[in-house]
Amino acid sequence: MATASSLLSEDKFLCSICLDVFTKPVTTPCGHNFCSACIHTYWDGRDTCQCPLCKSLFPQRPKLQVNTFVSELADEFKTLVQVKASTPDPLLPGTADVLCDICSEMKENAVKSCLTCLVSFCRAHLEPHQRVAGLKGHTLLDPVKNFDHRMCKTHDKTTELYCRTDRAFVCVLCLKTDHKSHNVVPLEEEYEAAMAKRDKAMANIQKMTQSRYKKIAEVERSVDVSQTEAEKEKEASVQVFTDLIRSIQRSQAELVGVIEERHGAAKQKAEDLIRELRVEVTELESRSVQLEQLSQSKDHHYVLQSFPTLRSPSYADRADTGVRSDPSFEAARGAVTLLKQRVDEIMEELPEIKMKRMREHAVDLTFDPDTAHCSLVISPDGKQVRDADTEQNLPYNPKRFETCTEVLAKEGFTAGKFYYEVQVKGNTEWLVGVVGESVDRKGREGPSVENGYWTIGLDEGIYIAFNSPRVNLTLKEKLQNVGVFVDYNKGEVSFFDVNSKSHIYSFTGSHFREKLFPYFSLQCNTDGAPLIITPVPQTH
């Protein structure tokens, strides 16, 4: 069998700083691997961060994370080396701890066993088998500790034959009884056949081993290629967003400038108009005074002579003198709003982004014992529920489910968005989702939207969305953790596979008019695995 050092080149798993197998290996931006503690110690106290191997300089201290792929390979290498170091090479049969059966006092180690004599001999007592003609024909082999398993228990004779039909060792007398019509061959012949199969198996194992290490090399190369592509994609994405931000900032500055410029012009126009109006008001007030004085005069000649010049003067039409907002400004705002919405929609097509944004609305839930069916047992911290398979003697509660093994969370919601995750791993049948507060808890109404249930579950090995009608779900992997996201105002309930961050199903177009409660059910669960409300990882 090939050794660990021949299959895995040791220098690939040695840290160039401590010269030992990697411990928590991290990868620098230049692609070299070091123990996490070693590289950080190497950089401590230095003015610059430099790769110890290629001497690449980094403008600032990189934030390094453990390379899980290299870490797993290093751990595998350590295991192989430890097994080789702790497991000595198997002793050859001739060096086994078998004592000579002939020695009477100080027994020597046997060097051979005789299948004919059924005795083990030391070197001195073996001499007759090498000299006497009658003994030379005996079958000698490396020392054997126990001959019992080589003896036929029925006829008390050496099993020198092998029955291929029953895959058993037999003696010559067995041929006349139980194995009379079976395919029986001498042990030597079966041995040769086994050795031929062994050589083929070894060749196949070596071929498979080489194939897997070739695959390891391919995966390593793919990781390098992936890292290069990720860096290029990251750089391109940053550039695109940078250009977009600059363009928006430039447009923002230009729009603000236009608004301020138009406002300044409108303000100046308004001030000029106000001055003109004030002059006209002064003139009108003066004429009003003169007309009042004229009305007091009894001189007919004077009144008729003065009145034409004091009548209302003609001024320019001031109907369209208001300052209005330009509708193009509103159009610009609308276009930017649509752009933001479209960018958000595109970003949420990435499962990681979608999951991160949903988790921003995570809520802390606990199971409500007042609603739990009498066969359900809730853990002291209120985070796990299990079917005890026996009904407990619990007091009547109007909120308790009495027909099926169902339970709600204590927390209910009447607006906004909320998200929670539940572990369903190991359960044969289950339901999770949300229900309305008025859902029937005493009858036998099935889970459906019409009955106030927005749920999915596993039923007889089939994943189902309990819509109307029910929808069978096709999933690539068995669900272990389910994420539930509710947008109360939009009337949407969505379900996600937490492990793969993939969307499972969504109920849309609902009109919620009452408080919603997270819902859990263990339907005919025979294995006793609990449903667990798991903590949601914090997003940054």
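A. Spatial organisation of the overall build of the chain. Per the secondary structure count, the chain includes 9 helices and 23 strands. The burial tally for the chain puts 30% of its 540 residues in the buried class. Here the analysis covers contacts within the chain between residues at least 6 apart in sequence; of these, 56% occur between residues at least 24 apart. Of the roughly 35,500 Å² of accessible surface on the chain, 53% is carried by carbon and sulfur atoms.

B. Layout of the pattern of salt bridges. Summed over all chains, the structure comprises 16 salt bridges. Taking the shortest distance from any N to any O, the salt bridge between Asp44 and Arg61 comes out at 3.0 Å. One end of the pair, Asp44, is in the loop between helix H2 (36-43) and strand E3 (49-50); the other, Arg61, is in the loop between strand E4 (57-58) and helix H3 (68-86), and 17 residues separate them in sequence. According to the relative accessible area criterion, Asp44 is partly exposed, its value standing at 46%. Given a relative accessible area of 37%, Arg61 falls into the partly exposed group.

C. Structural context of unusual backbone geometry. With omega at 0°, the peptide bond leading from Ser468 into Pro469 counts as cis. Residue position: Pro469 is located in the loop between strand E17 (462-465) and strand E18 (471-473). Phi at Arg167 takes a positive value of approximately 50°, unusual for a residue other than glycine. Position of Arg167 among the secondary structure elements: in the loop between strand E8 (161-163) and strand E9 (168-170). Even without being glycine, Lys501 reaches a positive phi, approximately 60°.

D. Quick peek at the layout of surface pockets. By volume, the largest pocket amounts to about 940 Å³. Here the lining of the largest pocket takes 8 residues from helix H6 (residues 187-294), the largest share from any one element. Grouping the constituent residues of the lining of the largest pocket by class yields 13 nonpolar, 10 polar and 7 charged.

E. Expanded view of the confidence of the model for the chain. Per-residue confidence for the chain gives a mean pLDDT of 84; residues scoring 70 or more make up 90%. Taken as a whole, residues 1-7 scores under 50 in pLDDT and shows 8 contacts with residues more than four places along the chain or in a different chain. Between residues 84-95, whose pLDDT stays under 50, and residues either more than four places distant or in other chains, the model counts 6 contacts.

F. Just the nonpolar core, in detail. Trp430, Ile456, Val482, Val493 and Phe520 are the most contacted members of the largest nonpolar core, which has 37 residues in total. For Phe520, the residues in contact, after removing those within four places along its chain, are Phe367, Thr405, Glu406, Val407, Ala409, Tyr420, Val422, Leu431, Val432, Leu531 and Ile533. Cys38, Trp43, Leu64 and Ala74 belong to the second-largest nonpolar core, a separate cluster that totals 18 residues.

G. Seen up close, the packing of aromatic side chains. Per the counting criterion, the structure on display carries 12 aromatic pairs. Relative to Phe58, the ring of Trp43 lies with its centre 6.1 Å away and its plane at 75°, an arrangement referred to as edge-to-face. With Trp43 in helix H2 and Phe58 in strand E4, this residue pair connects regions lying 15 residues apart in the sequence. Counting every residue linked through ring pairs, the aromatic cluster contains Phe367, Tyr420 and Phe520.

H. Structural view of a nonpolar patch on the surface. Judged by side-chain polarity, Val240, Phe241 and Ile245 come together as a nonpolar surface patch covering roughly 270 Å² of accessible area. Among the structural elements, Phe241 can be located in helix H6. Relative accessible area serves as the criterion here: at 37%, Phe241 is assigned to the partly exposed category.

I. Quick look at the state of the cysteines. Going through the model one piece at a time under the given rule, you end up with 0 disulfides. With no disulfide of its own, Cys103 lies closest to Cys100 among cysteine sulfurs, the gap being 3.7 Å. For Cys103, a relative accessible area of 8% puts it in the buried group.

J. Local environment of the sheet that holds strand E12 (residues 384-387). One open sheet accounts for 7 strands, arranged E11-E12-E23-E14-E19-E20-E21; its pairing is antiparallel. On the outer flanks of this sheet lie strand E11 (376-378) and strand E21 (502-507), each paired with one strand and no other. Pairs of neighbouring strands in the sheet enclose a mean axial angle of 25°, with direction left out of account. In terms of strand pairing, strand E14 (residues 417-423) meets strand E23 (residues 531-534) through 3 bridges, oriented antiparallel. Residue pairing in the sheet places Gln423 in a bridge with Ile532 of E23. Across the sheet, helix H9 (residues 351-359) is in contact with E14, strand E19 (481-487) and strand E20 (492-497); its angle to E14 comes to roughly 110°.

K. Quick look at the side chain of Ser510. Following the sequence through the fold, Ser510 ends up in the loop between E21 and strand E22 (516-521). Overall, the relative accessible area of 14% leaves Ser510 in the buried class. If near-sequence neighbours (up to four positions away) are discounted, Ser510 is found in contact with Trp454, Lys490 and Gly491.

L. Examining the sheet that holds strand E16 (residues 453-459) more closely. Strands sit in the order E13-E22-E15-E16-E17-E18 across an open sheet of 6 strands; the sheet is antiparallel. The sheet is open, and its two borders are formed by strand E13 (406-408) and E18, each paired with just one other strand. Each strand of the sheet is rotated relative to its neighbour by a mean of 20°, with strand direction disregarded. The pairing of strand E15 (residues 430-436) with E16 spans 6 bridges and is antiparallel. Following the sheet pairing, Trp430 is matched in E16 by Leu458.

M. Inspection of the pairing of E20 at higher detail. With 5 of 6 residues buried, E20 is to be regarded as a mostly interior element. The pairing of E19 with E20 spans 6 bridges and is classified as antiparallel. Directly across from Val486, in E20, lies its bridge partner Val493. Counting the residues that bridge the hairpin from E19 to E20 gives 4 residues, and of these Gly491 lies at a positive phi of roughly 70°. As judged from the 5 bridges shared by E20 and E21, these two strands associate in the antiparallel manner. Looking across to E21, one finds that Phe495 is bridged to Tyr505. Between E20 and E21, which pair antiparallel and follow one another directly, the connecting turn spans 4 residues, one of which, Lys501, has a positive phi of 60°.

What counts, and at which threshold
Residues numbered from 1 in each chain as written. Predicted model: local features only at pLDDT ≥ 70, side-chain atom pairs only at ≥ 80, totals over all residues. Heavy atoms only, no water. Helix = DSSP H or I, 4+ residues; strand = E, 2+ residues; numbered from the N terminus. Buried < 20%, exposed > 50% of the residue type's maximum accessible area, 1.4 Å probe, protein only. Contact = heavy atoms within 4.5 Å. Areas by Shrake-Rupley, 256 points an atom, 1.4 Å probe, with all protein chains shown as cover. Salt bridge = Lys/Arg side-chain N within 4 Å of Asp/Glu carboxyl O. 1 Å grid on protein atoms, 1.4 Å probe; cavity = no way out; pocket = protein on both sides within 12 Å on 5 of 7 lines; lining within 4 Å. Points joined across faces, edges and corners; volume = space filled by probe spheres on them. Nonpolar A, V, L, I, M, F, W, Y, C, P; charged D, E, K, R; others polar. pLDDT = per-residue confidence, 0-100. Core = buried A, V, L, I, M, F, W, Y, C linked by side-chain atoms within 4.5 Å. Phe/Tyr/Trp six-rings, centres within 6.5 Å; stacked < 30°, edge-to-face > 60°. Patch = residues over 30% accessible without salt bridge, like charges linked within 9 Å, V, L, I, M, F, W, Y side chains within 5 Å. Disulfide = S-S within 2.5 Å. Pairing = 2+ DSSP bridges. Axes fitted to C-alpha atoms, helices over the stretch in contact; angles between N-to-C directions.

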